[in-house]
Amino acid sequence: MGPSFDEGTSLYNFVVRDGNGVKGMVDSGLTTVPAAYTQPPRERIDKESARKHEQQPIDLSRLDGPEHDEVAVEIVRAAETLGFFQVINHGVPVDLLESLKDTANKFFGLPPEQKAVYRSEVSPTPLVKYGTSFVPEKEKALEWKDYISLQYVNDAEALQHWPIEIRDVALEYLRTSIKMVRKLLEVLMVNLGMKLVDPKIDALIDKKMVNMNFYPTCPNPDLTVGVGRHSDMGTLTVLLQDGIGGLYVKIEEDMRYGKKGEWVEIPPTPGALVINVGDMLQVLSNKRYKSAEHRVRTTNTTSRVSIPIFTIPKLTEKIAPLPHLVEKDGIAHYREFMFVDYMKNFFGNAHEGKKSLDFANNVDSS
Ligand SMILES: O=C(O)CCC(=O)C(=O)O
Ligand SMILES: [Fe+2]
């Protein structure tokens, strides 16, 4: 059974089934938040009390010079503490970042019927999916967000199937980002004792997805979320956000810049990209790296776009804590599973914080 609406199912049909999205609903002249989008009080975001995470972005150009080891330590430390950090001199051209934001805004500004052709039920290709919220049919309260998701298999298929309006910038973003992801992953895996040539490193970022998220202006941001609490399921996520702000990360353990359970905002930083650790790295590292819980607020002043790249393992890849870490720690915090099973579980449930990781829980450990 789907969620219930005070407006009956007609709102759900208009937004979700017919592909008008939250944007279509807002454009129709909506002045209050419908019940279907009203979050229970515990999920609402108190923006007054959240501090900004004022950590200097990591300058990745230094990775290629004599300061390599120091930068590697910064990367490892960020992955072990908050699980989120920003990078500059990342190799993705700064004017491309501007084009990406413009392109995303233009795409979501298209008439609904031009986007709705990519709804998963009717999309001409399984590589492209346009939708709204996360898994609307499972959610008690919907997320105030529309998105388009582009799966990457190879250049030829991207050129053939990705929407022409966004194809070229998305592909260039992916190409340039992946080089950086590979470098970051090398640093993180070498720190765990893995060899640079280990084929596992490539298997962990075998699949890639570029998403464009659009968060329309919301009449009452205090009642809604743009994205609910979740961690990312994959290996590493690269995120481009525009200047609006509203991305919050939960601190998992007391640390220098905040207390356990506190939410900090990742401030928009011109020219920077946000990097975060996904569930797979938390599992492989036997909990050393933090796949942080995060969420996004809405605003009543303007819409926001964000453009993540998700890197995920090969679907058949067996994922488990690295054996030598288990030996060292005397405990395996997670069991072994096949990545595709983890993914199915992730997309089969509404966002609920770090509950996605329960799928990997080791019944033997406590
Ligand atoms: O919009 C953002 O800043 C973050 C989006 C996000 O967390 C996601 O798409 O997984
Ligand atoms: Fe996320």
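Residues numbered from 1 in each chain as written. Chains lettered and ligands numbered in written order. Predicted model: local features only at pLDDT ≥ 70, side-chain atom pairs only at ≥ 80, totals over all residues. Heavy atoms only, no water.

Caption draft 1: How the structure looks around the overall build of the protein chain. When you go through the protein chain residue by residue, the secondary structure sums to 11 helices and 15 strands. With the C-alpha coordinates aligned to their principal axes, the bounding extent of the protein chain is approximately 55 × 45 × 40 Å. Counting only residues that meet the buried cut, the protein chain has 56% of its 366 residues in that class. Nonlocal contacts in the protein chain, meaning residues at least 24 apart in sequence, comprise 77% of its contacts between residues at least 6 apart. (Helix = DSSP H or I, 4+ residues; strand = E, 2+ residues; numbered from the N terminus. Buried < 20%, exposed > 50% of the residue type's maximum accessible area, 1.4 Å probe, protein only. Contact = heavy atoms within 4.5 Å.)

Caption draft 2: Geometry of the packing of helix H3 (residues 68–80) against helix H7 (residues 164–191). Look at H3 against H7: their axes get within 10 Å of each other, and the N-to-C directions meet at 80 degrees. Put simply, H3 runs roughly perpendicular to H7. Contact with H3, carried on its side by His68, Ala72, Ile75, Val76, Ala79 and Glu80, involves Leu184, Val187, Leu188 and Asn191 of H7 and no other residues of that element. Considered class by class, the residues forming the contact of H3 with H7 number 7 nonpolar, 2 polar and 1 charged. (Axes fitted to C-alpha atoms, helices over the stretch in contact; angles between N-to-C directions. Parallel < 35°, antiparallel > 145°, perpendicular 65-115°, else oblique. Nonpolar A, V, L, I, M, F, W, Y, C, P; charged D, E, K, R; others polar.)

Caption draft 3: Here's a closer look at the coordination of the iron ion (ligand 2). Each protein donor to the iron ion (ligand 2) is listed here as His230 (NE2), Asp232 (OD) and His294 (NE2); together their distances run 2.1 to 2.2 Å. Each donor residue of the iron ion (ligand 2) lies on the same chain, and together they follow the pattern H-x1-D-x61-H. According to the relative accessible area criterion, histidine 230 is buried, its value standing at 9%. The exposure class assigned to aspartate 232 is buried, which follows from its relative accessible area of 5%. (Donors = N, O, S within 2.8 Å, 3.2 Å for Na, K, Ca; no water.)

Caption draft 4: Representation of the packing of helix H4 (residues 94–108) against H7 in the model. Close contact between H4 and H7 brings their axes to 10 Å; oriented N to C, the two are set at 145 degrees. Of the two possible hands of crossing, H4 and H7 adopt the one that is left-handed. Touching Leu96, Ser99, Leu100, Thr103 and Phe107 of H4 are Glu165, Ile166, Val169, Ala170, Glu172, Tyr173 and Thr176, all from H7. Taken together, the residues of the contact of H4 with H7 sort by class into 7 nonpolar, 3 polar and 2 charged. (Left-handed = near helix turned anticlockwise from the far one by under 90°.)

Caption draft 5: Focus on helix H11 (residues 339–347). By the burial criterion, the buried members of H11 are Phe339, Val340, Tyr342 and Phe346. Down the axis of H11, the smallest arc covering the buried residues is 155 degrees, so these residues share one side. On its buried side, H11 packs onto helix H9 (279–284), strand S13 (304–312), strand S14 (318–319) and strand S15 (337–338). (Arc of directions from axis to C-beta.)

Caption draft 6: Representation of H4 in the model. The first and last C-alpha atoms of H4 sit 22 Å apart over 15 residues, in line with the 21 Å expected at 1.5 Å per residue. Every buried residue of H4 is accounted for by Leu96, Leu97, Leu100, Lys101, Thr103, Ala104, Phe107 and Phe108. For H4, the arc enclosing every buried residue in end-on projection is 165 degrees, short of the 170-degree limit, so these residues lie on one face. Among the exposed residues of H4, those pointing more than 90 degrees away from its buried face are Asp95 and Lys106. (Expected span 1.5 Å × (residues − 1).)

Caption draft 7: Layout of the sheet that holds strand S7 (residues 227–230). As summarised here, the arrangement of the 5 strands in space is S1-S10-S9-S12-S7, forming an open sheet in which the pairing is mixed. Every interior strand has two partners, whereas the edge strands, strand S1 (51–52) and S7, have only one. Where strand S9 (residues 247–250) and strand S10 (residues 263–265) come together, 3 bridges link them in antiparallel fashion. Within S10, the position partnered with valine 249 by the bridge is valine 264. (Pairing = 2+ DSSP bridges.)

Caption draft 8: The site of ligand 1, seen in detail. Neighbouring ligand 1 are Asn213, Tyr215, His230, Asp232, Leu239, Leu247, His294, Val296, Arg304, Ser306, Pro308 and Phe310. In this structure, tyrosine 215 approaches ligand 1 through a side-chain N or O atom, which is 2.6 Å from an oxygen atom. One of the side-chain nitrogen or oxygen atoms of aspartate 232 is found 3.3 Å away from an oxygen atom of ligand 1. Protein chains shield 94% of the accessible area of ligand 1, which is 300 Å² for the free molecule. Residue assignment for the shell around ligand 1 shows that the elements contributing at least two residues are strand S6 (207–215), strand S12 (294–296) and S13. With 4 residues, the single largest contributor to the shell around ligand 1 is S13. Residue composition of the shell around ligand 1, by class: 6 nonpolar, 4 polar and 2 charged. (Near = heavy atom within 4 Å. Polar contact = N/O pair within 3.5 Å; in protein donor to acceptor, adjacent residues only side chain to side chain. Areas by Shrake-Rupley, 256 points an atom, 1.4 Å probe, with all protein chains shown as cover.)

Caption draft 9: Looking closely at the UniProt feature "domain: Fe2OG dioxygenase" (unreviewed entry) in the protein chain. Those places that UniProt annotates as "domain: Fe2OG dioxygenase" (unreviewed entry) correspond, in this numbering, to residues 200–313. This span, residues 200–313, is 10% helix and 38% strand, and a straight line between its end C-alpha atoms measures 9 Å. (UniProt positions renumbered as here; feature names shortened; annotations may be inferred.)

Caption draft 10: View of the sheet that holds S13. The mixed open sheet is built from 8 strands, whose spatial order is S2-S3-S11-S8-S13-S6-S5-S4. This sheet does not close on itself; its edge strands, each paired only once, are strand S2 (58–59) and strand S4 (128–132).

Caption draft 11: Inspection of the side chain of threonine 298 at higher detail. Mapping threonine 298 onto the fold places it in the loop between S12 and S13. For threonine 298, a relative accessible area of 3% puts it in the buried group. In this structure the side chain of threonine 298 is engaged in a polar contact, spanning 2.8 Å, whose partner is the side chain of threonine 224. Here threonine 298 is in contact with Trp144, Cys218, Pro221, Thr224, Val225 and Gly226, once residues within four sequence places are set aside.

Caption draft 12: Representation of the pattern of salt bridges within the structure. For the structure shown, the criterion picks out 23 salt bridges. Each of Arg42, Glu43, Arg229, Lys250 and Glu293 takes part in a single network of salt bridges with overlapping partners. (Salt bridge = Lys/Arg side-chain N within 4 Å of Asp/Glu carboxyl O.)

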